[in-house]
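Structural overview
These are the residues of each chain, in order.
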Amino acid sequence: MQEKIIILDFGSQTTQLIGRRVRELNTYCEILPYNKFPHDDKSVIGIILSGSPFSVYDEKAFTIKLEEIRGKYPILGICYGAQFISHVCGGKVEPANTREYGRANLSTFQHNNPLLKGVKENSQVWMSHGDSITQLPDNFEVIASTEKVSNAAFQAKNEALWGVQFHPEVFHTEDGTQLLQNFVEDVCGSKQSWSPDSFIENTVAELKKQIGNDHVVLGLSGGVDSSVTAVLLHRAIGKQLTCIFVDHGLLRKNEFADVMRDYEGLGLNVKGVDASEDFFAALAGVSDPEKKRKIIGKGFIDVFDREAKKLKGVKWLAQGTIYPDCIESLSITGTVIKSHHNVGGLPDKMKLQLCEPLRLLFKDEVRKVGYALDMPKHLISRHPFPGPGLAIRILEAITPENVRILQEVDDIYIKGLREWGLYDQVWQAGVILLPVRSVGVMGDERTYEQAVALRAVTSTDAMTADWAHLPYDFLAKMSNDIINHVKGVNHVTYDISSKPPATIEWE
Ligand code: XMP
């Protein structure tokens, strides 16, 4: 059984970061809404209570029955989690005179407390709170203070129950990882057994059990998540898996053929469906971004549905949903907001059961699993590419001709990034075809052609992104190559907008 830490989410923006830090300690963890603790799960070795946007006195504040978990598991409360523990155990939490936000230093602390082992003198911590714990409950003791916050960290005497007012999960807390490691390894006794190999072994065994002799259908997109899902399933159930890869005609140059070859090389049973004519017909004359997305979404479902119906005895629909998708889907109250992230509506219509073996992994973990499955590097390290494809990078109505122009420009740019060793330094890159005609001169000829914008961003999760500071020499070479080789383009610009306030895609 895979031992795990449970992080109960009270709504803080840094809850996901706590999860990342615990996983980095090779310890499996799950983030659950604060009121969804799995009381009958025997594999839980410890609990972390997250921060929250609420004060413990807010009417809407999220609460749990601490007595149901206290004494049964080691517990660490962070920020609101610490205030909550203190509050329900009889301590006093009061609004701080000034909201405390930013750096502080642990001026005094108990070096020999198990939670603080290895934490350095004057260690910097990151604070972000409006309330302060002004009095600890009886039988609790303070184990660390900062200049302004006397109860910065505390423990219930002789109990595996701690609270810290600061945020050990954020980068600016110098010894935060050490503190979490002390909790996860020394206190909870994690054997640090989570690794891509152990994940594969457990998941393959579970999939075999879950699926039995049934048949599974999977929509492949060419992206990392669906590809890793396919290879995992293939390992578990072999020929019982059929993958469908739909070409909507809006992929990158040669992408359909290249990806099909990769998939076949992996031994997958893939059915490639060229539906580009249907998509072009449905998109004719449409320039509104949202309409384009809806048409493509529906078109994809129709093709997938039609193809899947041709297969006999399919009971499961597999999807490459990953953890950030689930987080968006699950509100903190446990209500499912959008359950079918990749192919919305299909399972309902087709009466299939969902199989999402990667739903608890982050993107970088998915990549590690991909490598452990011996999948080729170019497939695993690919940049994200949006489902609607080049349609949302052409800021006008789609025609086969403007798709061809964009494919040519994009191909030069992406190959250039690879040749210059820049591809792996950026999160994502692509080109936008602008609905602008401008005058240029080539030889003695006047040209009146289109402009393109090159885009490359750095990011860790696509939630925020910065424009990549690509070398001028590289940009100059790209501009030259593009204008010389792609008929129809006579201006090249580089997009220097960050997200927010811009987004990565233009539509
Ligand atoms: P934005 O443009 O919102 O994009 O900053 C964030 C990330 O999501 C990708 N993206 C999509 N992916 N279907 C997808 O599968 C879509 O409709 C879609 N729209 C944006 C985008 O490429 C970036 O990685």
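Residues numbered from 1 in each chain as written. Predicted model: local features only at pLDDT ≥ 70, side-chain atom pairs only at ≥ 80, totals over all residues. Heavy atoms only, no water.

1. Focus on the overall build of the protein
For clarity, the cut-off: Secondary structure elements are taken from DSSP: a helix is a run of H or I of four residues or more, a strand is a run of E of two residues or more, and numbering for both begins at the N terminus. With a 1.4 Å probe rolled over the protein chains alone, any residue whose accessible area is under 20% of its type maximum counts as buried; one over 50% counts as exposed, and the rest are partly exposed. Note on contacts: a residue pair qualifies if any of its non-hydrogen atoms lie within 4.5 Å across the two residues. Accessible surface area values rest on a Shrake-Rupley calculation with a 1.4 Å probe, where residue burial reflects the displayed protein chains alone. We score Asp and Glu as negative and Lys and Arg as positive, and we do not count His or the chain ends. By convention, the charge on Lys lies at NZ, on Arg at CZ, on Asp at CG and on Glu at CD.
The helix and strand tally for the protein stands at 14 helices and 18 strands. Buried residues in the protein amount to 55% of all 507 residues. The long-range fraction of contacts in the protein, counting pairs at least 24 apart against all pairs at least 6 apart in sequence, stands at 73%. Element-wise, carbon and sulfur atoms account for 50% of the exposed surface of the protein, whose accessible area totals about 23,400 Å². Of note, the protein has its 55 positive side-chain charges centred 4 Å away from the centre of its 65 negative side-chain charges.

2. Some points on the sheet that holds strand E11 (residues 241-247)
Operational definition: In this description, strands pair whenever DSSP reports at least two bridges between them. In this analysis an axis means a line fitted to C-alpha atoms, helices contributing only their contacting stretch, and an angle means the value between N-to-C directions, from 0 to 180 degrees.
Spatial strand order, E12-E11-E10-E13-E14: five strands in an open sheet with parallel pairing. Each edge of the open sheet is held by one strand with a lone partner, namely strand E12 (270-274) and strand E14 (353-355). The average undirected angle you get between the axes of adjacent strands in this sheet is 30°. Here strand E10 (residues 215-220) runs beside E11; their pairing, made up of five bridges, is parallel. Bridging across to E11, Val-216 finds its partner in Leu-241.

3. Brief notes about the domain arrangement of the protein
For the record, the criterion: For every domain, the bounds stem from an assignment made automatically or drawn from a database.
Domain parsing of the protein yields domain 1 (4-187), domain 2 (196-380) and domain 3 (399-494). On a C-alpha basis, the centres of domain 1 and domain 3 stand 48 Å from each other.

4. Here we look at the site of the ligand
For clarity, the cut-off: A molecule or strand has a residue near it when one of that residue's heavy atoms lies within 4 Å. The definition of a polar contact used here is a pair of N or O atoms within 3.5 Å, where within protein one atom must be able to donate a hydrogen and the other to accept one, and adjacent residues in sequence count solely through side-chain atom pairs. In this classification, Asp, Glu, Lys and Arg are treated as charged, Ala, Val, Leu, Ile, Met, Phe, Trp, Tyr, Cys and Pro as nonpolar, and every other residue, Gly included, as polar.
As a structural note, the neighbourhood of the ligand is formed by Arg-293, Pro-384, Pro-386, Gly-387, Pro-388, Gln-428, Ala-462, Lys-499, Thr-503, Ile-504 and Glu-505. Side-chain polar atom of Lys-499 to an oxygen atom of the ligand: 2.7 Å apart, as the coordinates give it. Burial of the ligand by the protein chains amounts to 67% of its free accessible area of 500 Å². Its residues assigned to classes, the shell around the ligand comprises five nonpolar, three polar and three charged.

5. Observations concerning the pattern of salt bridges
Under the convention used in this document: What counts as a salt bridge is simple: a side-chain nitrogen of Lys or Arg found within 4 Å of a carboxyl oxygen of Asp or Glu.
All told, the structure shown has 29 salt bridges when counted by the stated rule. Among the salt bridges present, the one from Asp-41 reaches Lys-4, with a minimum N-O distance of 2.5 Å. Here Asp-41 is found in the loop between strand E2 (29-33) and strand E3 (44-49), whereas its partner Lys-4 is found in strand E1 (residues 4-9), with 37 residues between them in sequence. Through salt bridges with shared partners, one network takes in Arg-20, Arg-21, Glu-24 and Asp-364.

6. Thoughts on empty space enclosed by the protein
The cut-off we apply is this: The distinction between a cavity and a pocket rests on a 1 Å grid over the protein atoms alone: a 1.4 Å probe fits inside a cavity but cannot get out, while a pocket stays open yet meets protein on both sides within 12 Å along at least five of seven lines, and a residue with an atom within 4 Å of a point counts as lining. Grid points are joined across faces, edges and corners, and a volume is the space filled by probe spheres set on the points.
Enumeration over the complete set of coordinates arrives at two cavities of 30 Å³ or more. Taken as a whole, the largest cavity spans an internal volume of roughly 60 Å³. Taken together, Arg-393, Gln-428, Ala-429, Gly-430, Val-431, Ile-432, Arg-455, Val-457, Ile-504 and Glu-505 form the lining of the largest cavity. Contributing elements (two or more residues each) for the lining of the largest cavity: strand E15 (428-442) and strand E16 (445-458). Looking at the lining of the largest cavity element by element, the count peaks at five residues for E15. In terms of residue class, the lining of the largest cavity is made up of five nonpolar, two polar and three charged. In this structure, the second largest cavity encloses a volume near 30 Å³.

7. Describing the pairing of E10
Which entries qualify depends on this criterion: Crossover handedness is defined here as right-handed if the route from the first strand over the helix to the second strand goes clockwise, with the strands pointing away from the viewer.
Two strands pair when backbone bridges link them, and E10 and strand E13 (residues 314-318) are joined in this way by four bridges, in the parallel orientation. Among the inter-strand pairings, Leu-218 is bridged to a residue of E13, identified as Ala-318. Handedness of the E10-helix H5 (residues 224-237)-E11 crossover: right-handed.

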